[in-house]
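Commentary on secondary and tertiary structure
Spelled out from the first residue to the last, the chains are:
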Amino acid sequence: MDKKYKFYWFNPKVEPRDTEKYGKGLFTKEKISKDERILIIGGYILTVDEESKLQGKSHDNGVQITEDLVICTTKEEEYDGFNFLNHNCSPNSGFKGQIFLVAMRDIRKDEEITIDYAMVLHKTNRGPLYRLECLCGNTKCRKIITDDDWKIKKLQKKYKGYFQYFIEEKINKN
């Protein structure tokens, strides 16, 4: 990979930093306003099944863009940037389309940028089931995160307009 070009774009107000709980995260260097673009996700397009077979840091770090496809990195040296986007049950950012991450509210300086994985995870026909013990510590924490959480009506209402495009379309059809 040419180091001059990256698979993603960060708002200059954002940088990766260490978290106290789970490795690296994305943090603001200054305030970000509601609806401001935070990051543009890029990478290789793989099936969910192909991504599940990746080794090391690239395993399970893609962003699901359809029921069976993800955008991800495939090599250890590409792991960076959007790979540090962590989950929170009360997130401050969400998706506009498939690759744009925007602020759902004003985000303070030095605050971690987070999404709810319910906005992006969907059960696939061939890939493994997703189940994650949540470490967010939020008072509204669901404790376990799955690839069916997008079906929760309360979350559909809370995140309307911020789900991955293909999930938003499924919700709107129901």
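Now for a quick tour of the structure. All figures in this text were calculated on a predicted structure; none of them were measured in a lab.

A tally of regular secondary structure across the protein chain gives three helices and 13 strands. Taking 2.2 N^0.38 as the reference for a compact globule, 174 residues should give roughly 16 Å; the C-alpha atoms of the protein chain span a radius of gyration of 15 Å, in line with that estimate. Projected onto its principal axes, the C-alpha positions of the protein chain cover 40 × 35 × 30 Å. Expressed as a percentage of the 174 residues in the protein chain, the buried residues total 47%. Partitioning the contacts of the protein chain with sequence separation of at least 6, the portion at a separation of at least 24 is 61%. For the protein chain, the exposed area adds up to about 9500 Å²; of that, 50% sits on carbon and sulfur atoms. Of note, the protein chain has its 32 positive side-chain charges centred 5 Å away from the centre of its 28 negative side-chain charges.

With that settled, consider the pairing of strand 2 (residues 14–18). By the bridge criterion, five bridges tie strand 2 to strand 3 (residues 24–28) in an arrangement that is antiparallel. From the neighbouring strand, D18 faces strand 3, where its bridge partner is K24. Hairpin connection between strand 2 and strand 3: a loop of five residues separates the two successive antiparallel strands, and G23 in this loop has a positive phi of roughly 75°.

Counting residues in hydrophobic clusters, the biggest one holds 42 residues, and the most contacted among them are I38 and L39. Counting only elements with at least two residues in this core, the list comes to strand 4 (37–40), strand 10 (100–103), strand 11 (112–115) and helix 3 (165–173). Core analysis: the second largest hydrophobic core is formed by five residues, L46, L54, V70 and C72 among them.

In this section: the packing of aromatic side chains. Enumeration over the complete set of coordinates arrives at two aromatic pairs. With 5.1 Å between their ring centres and 50° between their planes, Y8 and F10 make a pair best called tilted. Given a relative accessible area of 15%, Y8 falls into the buried group. Here the aromatic rings of Y159 and F163 are separated by 6.0 Å at their centres, their planes lie at 65°, and the arrangement is edge-to-face. Classification of Y159 as buried rests on a relative accessible area of 0%. On the basis of relative accessibility, which here comes to 2%, the residue F163 falls in the buried class.

Here we come to the environment of L135. Relative to the helices and strands, L135 is located in the loop between strand 12 (131–133) and strand 13 (144–146). In contact with L135, other than residues within four places in its own chain, are K21 and Y22.

Relative to the elements of secondary structure, R108 occurs in the loop between strand 10 and strand 11. Setting aside chain neighbours within four positions, we find R108 in contact with T28 and K31.

Conventions we followed
- Residues numbered from 1 in each chain as written.
- Predicted model: local features only at pLDDT ≥ 70, side-chain atom pairs only at ≥ 80, totals over all residues.
- Heavy atoms only, no water.
- Helix = DSSP H or I, 4+ residues; strand = E, 2+ residues; numbered from the N terminus.
- Rg over C-alpha atoms; globule rule 2.2 N^0.38 Å.
- Buried < 20%, exposed > 50% of the residue type's maximum accessible area, 1.4 Å probe, protein only.
- Contact = heavy atoms within 4.5 Å.
- Areas by Shrake-Rupley, 256 points an atom, 1.4 Å probe, with all protein chains shown as cover.
- Lys, Arg positive; Asp, Glu negative; His and termini not counted.
- Charge placed at Lys NZ, Arg CZ, Asp CG, Glu CD.
- Pairing = 2+ DSSP bridges.
- Core = buried A, V, L, I, M, F, W, Y, C linked by side-chain atoms within 4.5 Å.
- Phe/Tyr/Trp six-rings, centres within 6.5 Å; stacked < 30°, edge-to-face > 60°.

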